[in-house]
Amino acid sequence: MDEPYCETPTPASAAAAGHPGTGGPFAECVLCRKPTEYPESVKGATLCPVCEWQEAQRTACSG
Ligand SMILES: [Zn+2]
């Protein structure tokens with residue numbers, strides 16, 4: 001297996017992701033109040049990726 005000698009340059013999206021507040025107002029998670037990836041204009045309860053995953057696990061395990 002070849003080792004990846006060439007590192008890919010940092011994508012612009014990564015820089016934006018590490019900087020909260022960029023890209024406009026985001027709705028906050030209804031559970032932990034962290035900013036989500038959804039805009040504030042989205043309707044209904046918004047969950048951050050972490051809570052969304054936990055909810056999915058809970059749903060998958062129930063029943
Ligand atoms: Zn959350």
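Definitions and cut-offs
- Residues numbered from 1 in each chain as written.
- Predicted model: local features only at pLDDT ≥ 70, side-chain atom pairs only at ≥ 80, totals over all residues.
- Helix = DSSP H or I, 4+ residues; strand = E, 2+ residues; numbered from the N terminus.
- Buried ≥ 20, exposed ≤ 12 C-beta atoms within 10 Å, placed from the backbone.
- Contact = placed C-beta atoms within 7 Å.
- Pairing = 2+ DSSP bridges.
- Expected span 1.5 Å × (residues − 1).
- pLDDT = per-residue confidence, 0-100.

Q: Before we move on, could you go through the overall build of the protein chain and cite the residues and values that matter?
A: Counting its secondary structure elements, the protein chain contains two helices and two strands. Starting at the N terminus, the α and β elements of the protein chain follow one another as α-β-β-α. Expressed as a percentage of the 63 residues in the protein chain, the buried residues total 6%. Considering only intrachain contacts with a sequence separation of at least 6, the fraction spanning at least 24 residues in the protein chain is 0%.

Q: So what's going on with the environment of Glu52? Residues and values would help.
A: Topologically, Glu52 is positioned in helix α2 (residues 49-61). For Glu52 and Cys29, which are 23 residues apart along the polypeptide, the C-alpha to C-alpha distance reads 9.2 Å.

Q: Report on unusual backbone geometry, specifying residues and quantitative values.
A: The phi angle at Arg33 is positive, at roughly 65°, despite the residue not being glycine. Structurally, the position occupied by Arg33 is in the loop between β1 (26-28) and β2 (35-39).

Q: Please provide a residue-by-residue account of the environment of Glu40, values included.
A: Here Glu40 shows up in the loop between β2 and α2. Placed 14 residues apart in sequence, Glu40 and Phe26 show a C-alpha to C-alpha distance of 5.0 Å. Residues in contact with Glu40, not counting those within four places in the same chain, are Pro25, Phe26 and Ala27.

Q: Describe the pairing of β2, naming the residues involved and giving the relevant values.
A: One ladder, built from two bridges, connects β1 with β2; its direction is antiparallel. Paired with Phe26 across the bridge in β2 is Pro39.

Q: If you had to explain α2 to someone new, which residues and values would you point to?
A: The end-to-end C-alpha separation of α2 is 18 Å, in line with the 18 Å expected for 13 residues at 1.5 Å each. Within α2, only zero of the 13 residues are buried, which leaves it mostly out in the open.

Q: Which residues make up the confidence of the model for the protein chain, and what values do they have?
A: Parts of the prediction with low pLDDT should not have their coordinates interpreted in detail. The pLDDT averaged across the protein chain works out to 80; a share of 71% of its residues lies at or above 70. Mean pLDDT in the protein chain bottoms out at helix α1 (residues 12-17), which sits at 49, and peaks at β1, which reaches 94.

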